[in-house]
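# Inside the fold
Each chain, written out:
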Amino acid sequence: MINIKRVGEIIARNRKDLSMTQTQLGEVLKVSHQAVSKWERGACLPDIDILVRLAKIFNNTVDYFLEENDAHISKTNILNNKNDIWKSVLEKIKDQISQPSFDRWFTGTTAIQIDNTLIISGQDQFATDWLYQRYSHMISKTIDEIRGDNDLEVTFLFSEGTENTEP
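Below, the structure is looked at part by part.

## As for the nonpolar core
- Residues Leu25, Leu54, Ile57 and Phe65 are the most contacted members of the largest nonpolar core, which totals 22 residues.
- Elements supplying a minimum of two residues to this core: α1 (4–17), α2 (22–29), α3 (33–41), α4 (48–57), α5 (62–66) and β1 (110–114).
- With sequence-adjacent residues up to four places away left out, Leu25 is seen in contact with Ile11, Arg15, Met20, Val36, Leu54, Ile57 and Phe58.
- Grouped together as the second largest cluster of nonpolar side chains are 20 residues, Ile85, Tyr135, Ile143 and Phe156 included.

Next comes the structure, spelled out in structure tokens:
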């Protein structure tokens, strides 16, 4: 039998490990923050297609959520290969702009890759918008250099619901 409370605890723990709000996770999954809250409280389970997407986001398997025994479940690795790209981007951009600008706009940013989209979030709505308006071209160019292709879509998203996608 599936322990709904445990599934909710896993979702909440992994969401927090990625420094995401319920609203941000809801936006990525295209559900309301209320739905995320219900899952995390153990009031209901996400649909199977949502569990599959959560497994990708948290770099795990659907079994990770549904197993009763934690003994075979590995801890989520936040800086997995998909998300290491943001760390590499930050290292390269740090050399391209002044230290005060880097500290103001890039310190505290987060990025998560879901499928072929990299979702970047600043410290607040203003910082996220500024990253999009001022640095999106530099970020995309740096990602293309690191990956050797331009197949990764870059999206700027903050939890208040504003989404900016680079053309």
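## Points about the pattern of salt bridges
- For the structure on display, the rule yields one salt bridge.
- Glu40 is the salt-bridge partner of Arg15, the closest N and O atoms lying 2.5 Å from each other. Of the two residues, Arg15 sits in helix α1 while Glu40 sits in helix α3, which places them 25 residues apart along the sequence. Here Arg15 matches Glu40 in class, with each residue buried.

## Considerations on the pairing of β1
- By the criterion of burial, β1 is predominantly enclosed, with four of the five residues buried.
- As paired elements, β1 and strand β2 (residues 117–121) share five bridges and run antiparallel to each other. Residue pairing across strands places Ala111 opposite Ile120, the latter belonging to β2.
- The hairpin turn running from β1 into β2, its antiparallel successor, is two residues long, and Asp115 in that turn takes a positive phi close to 55°.

## Considerations on the packing of aromatic side chains
- Scanning all chains against the criterion turns up eight aromatic pairs.
- Ring geometry for Phe102 and Phe106: centres 5.6 Å apart, planes at 10°, overall stacked.
- Accessibility expressed as a relative area gives 1% for Phe106, which makes it buried.
- Joined through ring pairs, the aromatic side chains of Phe58, Tyr64 and Phe65 make up one cluster.
- One cation-aromatic arrangement involves Arg104 over Trp105; the distance from NZ or CZ to the ring centre is 4.1 Å.
- The ring of Tyr135 carries the charged tip of Arg134 above its face, separated from the ring centre by 5.1 Å.

## Observations regarding the packing of α2 against α3
- Look at α2 against α3: their axes get within 8 Å of each other, and the N-to-C directions meet at 110°. Considering their axes alone, α2 and α3 lie roughly perpendicular with respect to each other. Relative to α3, α2 is oriented so that their crossing is right-handed. Note on element contacts: α3 touches α2 through His33, Val36, Ser37, Trp39 and Glu40, opposite Gln22, Thr23, Leu25, Gly26 and Leu29.
- For the contact of α2 with α3, the per-class residue count stands at four nonpolar, five polar and one charged.

## Observations regarding unusual backbone geometry
- Backbone geometry places Ser19, a non-glycine residue, at a positive phi of 55°.
- Residue placement: Ser19 occurs in the loop between α1 and α2.
- For Lys30, which is not glycine, the phi torsion reads 60° and is therefore positive.
- Structurally, Lys30 is set in the loop between α2 and α3.

## Some points on the packing of α1 against α3
- The interhelical angle for the contact between α1 and α3, taken along N-to-C directions, is 120°, at an axis separation of 6 Å. As summarised for this structure, α1 and α3 are arranged oblique, according to the angle between their axes. Packed against α1, whose contacting residues are Lys5, Gly8, Glu9, Ile11, Ala12 and Arg15, the element α3 presents Val36, Trp39, Glu40 and Arg41 at the interface.
- Taken together, the residues of the contact of α1 with α3 break down into four nonpolar, one polar and five charged.

Calculation notes
- Once a new chain begins, its residue numbering starts again from 1 and follows that chain's sequence as written.
- Owing to the predicted nature of the model, reporting of local features is limited to residues with pLDDT of at least 70; listing and counting of side-chain atom pairs is limited to 80 or more, with chain, interface and lining totals taken over all residues.
- Water and hydrogen atoms were dropped before computing side-chain values, which therefore reflect all heavy atoms in the structure.
- We call a set of buried Ala, Val, Leu, Ile, Met, Phe, Trp, Tyr and Cys residues a nonpolar core when their side-chain atoms join them within 4.5 Å.
- We call a residue buried when its accessible area falls under 20% of the maximum for its residue type, exposed when it is over 50%, and partly exposed in between, using a 1.4 Å probe and counting protein chains only.
- Only DSSP runs of H or I with at least four residues qualify as helices, and only runs of E with at least two residues qualify as strands; both kinds are numbered from the N terminus onward.
- Residues are treated as being in contact if the distance between any of their heavy atoms lies within 4.5 Å.
- Salt bridge, as applied in this entry: a Lys or Arg side-chain nitrogen positioned within 4 Å of an Asp or Glu carboxyl oxygen.
- In this analysis, strands are considered paired if DSSP registers two or more bridges between them.
- In this analysis, rings of Phe, Tyr and Trp, with Trp reduced to its six-membered ring, are considered paired at centre separations within 6.5 Å, and the interplanar angle assigns stacked below 30 degrees, edge-to-face beyond 60, and tilted for intermediate values.
- Throughout this description, the term charge over a ring refers to an Arg CZ or Lys NZ atom that lies within 6 Å of the ring centre and within 35 degrees of the ring normal.
- Inter-axis angles, ranging from 0 to 180 degrees, are taken between N-to-C directions of lines fitted to C-alpha atoms, where helices are fitted over the stretch in contact.
- Roughly parallel means an angle under 35 degrees; roughly antiparallel means over 145; roughly perpendicular covers 65 to 115; every other angle is labelled oblique.
- Note: crossing handedness is left-handed where the near helix turns anticlockwise from the far helix by less than a right angle, and right-handed where it turns clockwise.
- Residue type decides the class: Asp, Glu, Lys and Arg count as charged, Ala, Val, Leu, Ile, Met, Phe, Trp, Tyr, Cys and Pro as nonpolar, and the leftover types, Gly among them, as polar.

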